[in-house]
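Residue-level structural notes
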Amino acid sequence: METLRILITDDEPGMRMAVERSLRGFKVNLPDVGEEVSFDVSQAATGEEAIEKVNESAPDILLLDYKLPGMSGLDVLEQLVNRQNEMLTVMITAYASLETAVTATKRGAWDFLAKPFTPEELRNTVRKAASRLILTRQARKIADEKRKVRFQFISVLAHELKAPLAA
């Protein structure tokens, strides 16, 4: 079983606690890849705290509120846009507009979750993100194995072709 790390960033303590409670004990079964995924949830109250936690140890999924004290969720995305990792960001907002969605997507947001949301809507969004992450990792692993096999085949072929020529 794999455990994915989720960082919930919201200035409302009740929202952070509700998300953590909704995901406590939640597991996603991915029969296509034979994986079961559980989640470890941590919290951040501000954008600055979120950036600090991401820099320390990047979560797999970032649930990021749009309206935060100090820097907004879009500012956080802008700070994190150049990071080379596979973290998926889900914007959580009650202020959804087309302009916000386009800007957030350009800065790296993967999905949106409109407030207020139900625990089931949250779990479905997390399920989609987890599935995407696991499948991406599996595809990368298969591509790496394919590259190694191709290299080994070419090495053996080159060696076998040299042997008769040397004689």
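What this report covers is the structure whose coordinates are included nearby. (Residues numbered from 1 in each chain as written. Predicted model: local features only at pLDDT ≥ 70, side-chain atom pairs only at ≥ 80, totals over all residues. Heavy atoms only, no water.)

**Considering helix 3 (residues 73-80)**
Residues that lie three or four places apart on an α-helix share one face, since the helix turns once every 3.6 residues. Cut-off, in case you're wondering: Three exposure classes are used, based on accessible area relative to the maximum for each residue type with a 1.4 Å probe and protein chains only: buried under 20%, partly exposed in between, and exposed over 50%. Put simply, DSSP marks the helices as runs of H or I at least four residues long and the strands as runs of E at least two long, and each gets a number from the N terminus on. The arc in question is the one spanned by the directions pointing from the helix axis to the C-beta atoms. For this analysis, residues touch if any pair of their heavy atoms sits within 4.5 Å.
Looking at helix 3, one finds that the buried residues are Gly73, Leu74, Val76, Leu77 and Leu80. Burial along helix 3 is one-sided: seen end-on, the buried residues are contained in an arc of 155°. Where helix 3 is buried, its residues meet helix 2 (47-56), strand 4 (61-65), strand 5 (88-93), helix 4 (98-106) and strand 6 (109-114).

**Observations regarding the pattern of salt bridges**
Two side chains that carry opposite charge are able to pair once their charged atoms sit near each other. Stated precisely, the cut-off is as follows: Should a side-chain nitrogen of Lys or Arg be within 4 Å of a carboxyl oxygen of Asp or Glu, the pair is scored as a salt bridge.
Inspection of the entire model under this criterion finds 11 salt bridges. In this structure, Glu49 engages Lys53 in a salt bridge whose closest nitrogen and oxygen atoms are separated by 3.8 Å. Linking Glu49 with Lys53, this pair stays in helix 2, spanning 4 residues, or about one helical turn. Residue classification places Glu49 among the partly exposed residues on the basis of a relative accessible area of 29%. Exposure remark for Lys53: the relative accessible area of 27% places this residue in the partly exposed category.

**With respect to unusual backbone geometry**
Cis rather than trans, the peptide bond between Lys115 and Pro116 has omega equal to -10°. Note that Pro116 resides in the loop between strand 6 and helix 5 (119-166).

**Regarding the pairing of strand 5**
Worth spelling out the cut-off: For two strands to be treated as a pair, DSSP must find no fewer than two bridges joining them.
Within strand 5, 6 of the 6 residues are buried, leaving the element largely enclosed by the surrounding structure. Neither face of strand 5 is open: one carries Leu88, Val90 and Ile92, the other Thr89, Met91 and Thr93, and all of them are buried. In this structure, strand 4 lies alongside strand 5, joined through 5 bridges in parallel fashion. Directly across from Asp65, in strand 5, lies its bridge partner Ile92. Pairing analysis gives 5 bridges linking strand 5 to strand 6, with the strands arranged parallel.

**Things to note about a nonpolar patch on the surface**
The condition that has to hold: Patches draw on residues past 30% relative accessible area with no salt bridge. Two like charges within 9 Å are joined, as are two nonpolar side chains (Val, Leu, Ile, Met, Phe, Trp, Tyr) within 5 Å. Under the convention used here, a 1.4 Å probe and the Shrake-Rupley method define accessible areas, while residue burial counts only the protein chains that appear.
On the surface, a cluster of nonpolar side chains totalling about 420 Å² of accessible area is made up of Phe153, Ile154, Leu157 and Leu161. Tracing the backbone shows Ile154 in helix 5.

**Re the sheet that holds strand 5**
Spelled out, the test is: Here the axes come from fitting lines to C-alpha atoms, over the contacting stretch only for helices, and the angles between their N-to-C directions go from 0 to 180 degrees.
With respect to topology, 6 strands assemble into an open sheet ordered 2-3-1-4-5-6, the strand pairing being mixed. The sheet is open, and its two borders are formed by strand 2 (27-30) and strand 6, each paired with just one other strand. Ignoring strand direction, the axes of neighbouring strands in this sheet form an average angle of 25°. Across 4 bridges, the pairing between strand 2 and strand 3 (residues 35-44) is antiparallel. Looking at the pairing, Val28 lines up with Val37 of strand 3. Most of the contacts of helix 4 go to strand 6, to which it runs at about 145°, and overall it touches strand 5 and strand 6.

These figures come from the coordinates and say nothing about function on their own.
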